Amino acid sequence: MRLLHTSDWHLGRSFHRVSLLDAQAAYLDHLVATVEEREVDAVLVAGDVYDRAVPPLTAVELFDRALHRLAAAGVPTVMISGNHDSARRLGVGAGLFERAGIHLRTDPEGCATPVVLADDHGDVAFYGLPYLEPALVKDALGAGKAGHEAVLTAAMDQVRADLAARPAGTRSVVLAHAFVAGGEPSDSERDITVGGVAAVPAGVFDGVDYAALGHLHGSQRVTDRVRYSGSPLAYSFSEADHRKTMWLIDLDADGGIAAEERIDCPVERPLARLRGRLDTLLEDPVLDRHEHAWVEATLTDPVRPADPMARLARRFPHTLSLVFDPERPPDDPGASYAQRLKGRDDHQIAEDFVAHVRGGSGPSDLERTVLRAAFDDVRVDETVREVSR
């Protein structure tokens, strides 16, 4: 059975205030063409269909057209909700869509109810695990505690139990939206940390033939059977070196991977991260190849130069981001607050603040626990408020 694994469309997202709608439409054209040209048997969309819980109408229209085209192609599509989606909104009409071969899996309580497709070698059971916000789903899944590993393990236990009750030789595919240990993140994924832990071990997915993951935006293998397709477009400059692709996977009669291929996604405009003094960036002939790229320029001039954005735009008209990082020693008292915080997460910043106001004494273990619980509560509250709008 030939699978096309994709995820993280983020329909409706912009890039530094530049609309990506045309680029997203071009990607969906490419996806449908690939489905038809490469004789795909099932399309897998592993979450974050939209960029936010209440997407703009233009994004909804784009999604609607994509569903109609996939249904018209006669190729089943299995799709789950991600942490950016409103599971309830995305799941509206799921029963009707199913009649057209579009299988939306947005309810955590349906994790062990697979979409079963067949080929010449028998059945393949596709289990859709939507993004599982631990605090919201632990009771429904019977998880022992509110952590990512606990709720995913509980969901996968249900999957394995259902699979064990099926005829021998039934192959299995799981779609999930999670941060799995060993994956390489980028700057554009929303933080899903709970209790200081974001990642879950790949062993959570033991017992199935293929795990089609979403959430991380770089296409990558965690193991041979556990993979991220990545996002089809770059959504931050940290993805400048990504090769944006979809996985084309052929499952053999025993559930092994008989063939694999990365299908490149169309690139509307490349990304470039430039760093150096302004005069160097304006004069270096080696940078000619970036003149048509989206550009993030980091200026290292010790003193901020005059009118830098306008001067950069004359050579690089698609400059979107300008960063100042003066050439100074790390302990320079003139370093900006942003520079001092670079690379530190919210928990570390809060702990540093406690140490600062106490004159050097950081928080105790109990205080660290309280701080982490407070951050977790705020994040969960924001999630609940967003999806209930």
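Keep in mind that what you see is a predicted model, and the values were worked out from it rather than measured.

Trainee: Go over helix 6 (residues 148-164) with me, naming the residues and quoting the values.
Mentor: Taking 1.5 Å of rise per residue, the 17 residues of helix 6 would be expected to cover 24 Å, and the 24 Å separating its terminal C-alpha atoms lies within 8% of that figure. For helix 6, the set of buried residues is His148, Ala150, Val151, Leu152, Ala154, Ala155, Met156, Val159, Asp162 and Leu163. Contacts from the buried residues of helix 6 go to strand 8 (122-129), helix 5 (134-141), strand 9 (171-177) and strand 11 (199-200).

Trainee: Provide a residue-level description of the environment of histidine 217, including the pertinent values.
Mentor: Relative to the helices and strands, histidine 217 resides in the loop between strand 12 (210-214) and strand 13 (220-221). Taking the relative accessible area as the measure of exposure, histidine 217 reaches 1% and is therefore buried. For the pair histidine 217 and glycine 183, spaced 34 residues apart in sequence, the C-alpha separation works out to 9.8 Å. Beyond its immediate sequence surroundings of up to four residues, histidine 217 is in contact with Asp8, His10, Arg13, Ser186, Ser188, Glu189, Gly230, Ser231, Tyr235, Glu239, His242 and Lys244.

Trainee: So what about the nonpolar core? Which residues, and what values?
Mentor: Membership of the largest hydrophobic core comes to 39 residues, with the highest contact counts inside it found for Trp9, Leu11, Leu31 and Phe63. Only helix 1 (21-37), strand 4 (42-46), helix 2 (57-73), strand 6 (102-105) and strand 15 (245-251) provide two or more residues apiece to this core. Setting aside residues up to four positions removed in sequence, leucine 11 forms contacts with Gln24, Leu28, Val49, Tyr50, Asp51, Ala59, Leu62 and Phe63. Ala143, Ala150, Leu152 and Val174 belong to the second-largest nonpolar core, a separate cluster that totals 34 residues.

Trainee: Can you explain the sheet that holds strand 9? Please cite residues and give values.
Mentor: Strand order in this open sheet of 6 strands is 7-8-9-12-14-13, and the pairing throughout is mixed. Two strands in the sheet have a free side with no partner beyond their single neighbour: strand 7 (115-119) and strand 13. Inspection of the sheet shows strand 12 paired to strand 14 (residues 226-228) by 3 bridges, in the parallel sense. The partner of alanine 212 across the bridge, within strand 14, is arginine 227. The strands that helix 6 touches are strand 8 and strand 9; relative to strand 8, the one it contacts most, it runs at about 160°.

Trainee: Let's hear about helix 8 (residues 308-315): which residues, and what values?
Mentor: Taken together, the buried positions of helix 8 are Pro308, Leu312 and Arg315. Take helix 8 and look down its axis: the buried residues cluster within an arc of 55°, on one side only. Each element contacted by the buried residues of helix 8 is listed here: helix 7 (278-283), strand 18 (294-299) and strand 19 (319-324).

Trainee: How would you explain the UniProt feature "domain: Calcineurin-like phosphoesterase" (unreviewed entry) in the protein if you had to name every residue and give the values?
Mentor: Following the UniProt record, one finds the feature "domain: Calcineurin-like phosphoesterase" (unreviewed entry) at residues 1-217. Regarding residues 1-217, the helix share stands at 32% and the strand share at 24%, and the terminal C-alpha atoms are separated by 25 Å.

Trainee: Tell me about the sheet that holds strand 18, residues and numbers included.
Mentor: The strand order across the open sheet formed by 3 strands is 17-18-19, and the pairing between neighbours is parallel. At either end of the open sheet lies a strand with only one pairing partner, and these are strand 17 (271-276) and strand 19. Here the strands of the sheet are splayed against their neighbours by 15° on average, with no regard to which way each runs. Across 6 bridges, strand 17 lies against strand 18 in parallel orientation. Paired with leucine 271 across the bridge in strand 18 is tryptophan 294. Along the sheet, helix 8 contacts strand 18 and strand 19; its crossing angle with strand 19, the most-contacted strand, is approximately 135°.

Trainee: I'd like a description of the pairing of strand 5 (residues 77-80), backed by residues and values.
Mentor: Side chains Thr77 and Met79 of strand 5 all project onto a buried face; the interleaved residues Val78 and Ile80 project onto the opposite face, where all are buried too. Pairing of strand 4 with strand 5 involves 4 bridges; the strand directions are parallel. Note on strand 5: the bridge partner recorded for valine 45 is methionine 79. Considered for its hand, the β-α-β crossover made up of strand 4, helix 2 and strand 5 is right-handed. Pairing geometry for strand 5 and strand 6, over 4 bridges, is parallel. Each bridged residue has a counterpart across the sheet, and for methionine 79 the counterpart in strand 6 is leucine 104.

Trainee: Provide a residue-level description of the pattern of salt bridges, including the pertinent values.
Mentor: Tallied over the entire structure, the rule returns 22 salt bridges. The residue aspartate 224 makes a salt bridge to arginine 221 at a minimum N-O spacing of 3.8 Å. According to the relative accessible area criterion, arginine 221 is partly exposed, its value standing at 43%. Close ionic contact of aspartate 288 with arginine 315 constitutes a salt bridge, the shortest N to O distance being 2.5 Å.

Trainee: So what's going on with the packing of helix 5 against helix 6? Which residues, and what values?
Mentor: It is the contact of helix 5 with helix 6, at a shortest axis distance of 9 Å, that shows an interaxial angle of 35°. Here helix 5 runs over helix 6; the crossing is left-handed. Between helix 5 and helix 6, the residues in contact are Pro134, Val137, Lys138 and Leu141 and His148, Val151, Ala154, Ala155 and Gln158, respectively. Grouping the amino acids of the contact of helix 5 with helix 6 by side-chain chemistry returns 6 nonpolar, 2 polar and 1 charged.

Reading the values: the criteria
Residues numbered from 1 in each chain as written. Predicted model: local features only at pLDDT ≥ 70, side-chain atom pairs only at ≥ 80, totals over all residues. Heavy atoms only, no water. Helix = DSSP H or I, 4+ residues; strand = E, 2+ residues; numbered from the N terminus. Expected span 1.5 Å × (residues − 1). Buried < 20%, exposed > 50% of the residue type's maximum accessible area, 1.4 Å probe, protein only. Contact = heavy atoms within 4.5 Å. Core = buried A, V, L, I, M, F, W, Y, C linked by side-chain atoms within 4.5 Å. Pairing = 2+ DSSP bridges. Axes fitted to C-alpha atoms, helices over the stretch in contact; angles between N-to-C directions. Arc of directions from axis to C-beta. UniProt positions renumbered as here; feature names shortened; annotations may be inferred. Right-handed = clockwise from strand over helix to strand, strands pointing away. Salt bridge = Lys/Arg side-chain N within 4 Å of Asp/Glu carboxyl O. Left-handed = near helix turned anticlockwise from the far one by under 90°. Nonpolar A, V, L, I, M, F, W, Y, C, P; charged D, E, K, R; others polar.

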